[in-house]
Amino acid sequence: MKNIIKVLLIILCVLVICATVLGFTNVSEDPIKEKGNMTIAVTGDVLIGSQVTPVLAGVNSPFEGVKNVLGSVDVLLINFENAATTSESAVKGDYPLKVDPSYVPKVKINDNTIAALANNHVFDYGKTGMKDTLATLKANNITSLGAGMNYDEAHKPVTIEKNGHKITILNYMDSANFAEYS
């Protein structure tokens, strides 16, 4: 075991020397900048419609009870589990979910609040409901992903850079089980 460690250390030293001699490293340049912290919170389903709406009328945010945790995060990713629409034309028969668009600003924690829409409720009110949802989120400066007016928009990732970190978020759903939403 000691011999293996010695061999590995020798190989590492040789690689460092070769990299320096061949110009792969330049110690005279600025050292690598230290990255700051980046905090990300990811929720499960966020349903602010249906029977939740009367509760929201009296609060600033559905996240009031956890604002000590979410209030300082850099990125909040929520699974936005309802259409934001005033449409009355539900296409889903069992239990279509929607919220009045006026309540949507309440889910925004900061400028990096992201609503994941690739779920089984974004089309509960058809294309109209989905379009309304996208427009409402955009009007409230809430980034959306996982749905769009075309294939490219629906598959577009969201990339966030903060404190020297760069993250990319993708959002997809199992359309085999929910073929009506493909």
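Everything below is about the structure shown above.
These notes cover the structure that comes with them. None of the values given here were measured: they were computed from a predicted structure.

1. Brief notes about the overall build of the chain
Stage number 1. From N to C terminus, the chain includes five helices and eight strands.
Stage number 2. Start at the N end of the chain and walk to the C end: the helices and strands fall as α-β-α-α-β-β-β-β-α-β-α-β-β.
Stage number 3. Across the chain, the fraction of contacts at a sequence separation of at least 24, relative to all contacts at a separation of at least 6, is 73%.

2. Some words on the pairing of strand β8 (residues 165-169)
Stage number 1. Relative to β8, strand β7 (residues 158-162) runs antiparallel, the two sharing five bridges. Among the inter-strand pairings, threonine 159 is bridged to a residue of β8, identified as threonine 168.
Stage number 2. Counted along the chain from β7 to the antiparallel partner β8, the turn is two residues long, and its residue asparagine 163 has a positive phi close to 50 degrees.

3. Looking at unusual backbone geometry
Note on backbone geometry: most residues besides glycine have negative phi, and most peptide bonds are trans.
Stage number 1. The residue asparagine 141 is not glycine, and still its phi comes out positive at about 55 degrees.
Stage number 2. Among the secondary structure elements, asparagine 141 is positioned in the loop between α4 (126-139) and β6 (143-145).
Stage number 3. At asparagine 163, a position not held by glycine, the phi torsion is positive, near 50 degrees.
Stage number 4. Residue classification places asparagine 163 among the partly exposed residues on the basis of a relative accessible area of 41%.

4. Regarding the pattern of salt bridges
Stage number 1. Considering all chains together, one arrives at four salt bridges under this definition.
Stage number 2. Of the charged contacts, one joins aspartate 74 and lysine 162 as a salt bridge, the two residues approaching to 3.8 Å between their closest N and O atoms. With aspartate 74 in the loop between α3 (67-70) and β2 (75-80) and lysine 162 in strand β7, this residue pair connects regions lying 88 residues apart in the sequence.
Stage number 3. Taking relative accessible area as the criterion, lysine 162 reaches 30% and is therefore assigned partly exposed.

5. Describing α4
Stage number 1. Taking 1.5 Å of rise per residue, 14 residues should cover 20 Å, and α4 covers 20 Å from first to last C-alpha, within 8% of that figure.
Stage number 2. Structurally, α4 contributes buried residues whose contacts are with β2, β3 (83-84), β5 (113-116) and β6.
Stage number 3. At the exit of α4 stands asparagine 141, carrying a positive phi of roughly 55 degrees.

Calculation criteria
Residues numbered from 1 in each chain as written. Predicted model: local features only at pLDDT ≥ 70, side-chain atom pairs only at ≥ 80, totals over all residues. Heavy atoms only, no water. Helix = DSSP H or I, 4+ residues; strand = E, 2+ residues; numbered from the N terminus. Contact = heavy atoms within 4.5 Å. Pairing = 2+ DSSP bridges. Buried < 20%, exposed > 50% of the residue type's maximum accessible area, 1.4 Å probe, protein only. Salt bridge = Lys/Arg side-chain N within 4 Å of Asp/Glu carboxyl O. Expected span 1.5 Å × (residues − 1).

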